[in-house]
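Chain residues, written in single-letter form:
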Amino acid sequence: MNTKIEEIDGKYVATLEGEMDTAAATEAEEVLKPLYNSNGKDVIINCKGLEYIASSGLRILLSILKGAKASGSKVVMQGVNDDIKNVFKLTGFINIFEFE
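Notes on the structure follow. None of the values given here were measured: they were computed from a predicted structure. (Residues numbered from 1 in each chain as written. Predicted model: local features only at pLDDT ≥ 70, side-chain atom pairs only at ≥ 80, totals over all residues. Heavy atoms only, no water.)

Moving on: the pairing of strand β2 (residues 11-20). Across the 10 residues that make up β2, a large majority, seven, are buried. Counted between consecutive antiparallel strands, the loop separating strand β1 (residues 2-8) from β2 contains two residues, among which D9 sits at a positive phi close to 50 degrees. Here β2 runs beside strand β3 (residues 43-53); their pairing, made up of eight bridges, is parallel. Following the sheet pairing, G18 is matched in β3 by L50. Between the parallel pair β2 and β3, the chain is carried across by helix α1 (residues 22-32), and the sense of this crossover is right-handed. (Buried < 20%, exposed > 50% of the residue type's maximum accessible area, 1.4 Å probe, protein only. Helix = DSSP H or I, 4+ residues; strand = E, 2+ residues; numbered from the N terminus. Pairing = 2+ DSSP bridges. Right-handed = clockwise from strand over helix to strand, strands pointing away.)

As structure tokens, this is what we get:
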């Protein structure tokens, strides 16, 4: 699993690549923790290379969303494939995240 954060045009862009299973989610959380407090900057989560996400990965994304909303920011999910989008539908997360 590859995870990185960049600041581009005043927004945080997090790129997720590979499989975010339970083991990988622990490592990814350490990288993504700064997004829990986005300081009013919008967050884009690029999932173009994400192949799988476990419930522990969904929990991380939810924590990012809660932190962003608390500071008046939004979180946008980009490049989500049909398999990952189906996980979001099954969990009801499809209704709380914004997708592009």
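Having put the structure on the table, let's press on.
For the structure shown, the criterion picks out four salt bridges. In this structure, E7 engages K41 in a salt bridge whose closest nitrogen and oxygen atoms are separated by 2.5 Å. Of this pair, E7 sits in strand β1 while K41 is found in the loop between α1 and β3, placing the two residues 34 residues apart along the sequence. Overall, the relative accessible area of 23% leaves K41 in the partly exposed class. Here E98 and K74 are joined by a salt bridge, their closest N and O atoms 3.7 Å apart. With a gap of 24 residues between them, E98 in strand β5 (residues 98-99) and K74 in the loop between α2 (55-70) and β4 (75-78) connect regions that are remote in the sequence. (Salt bridge = Lys/Arg side-chain N within 4 Å of Asp/Glu carboxyl O.)

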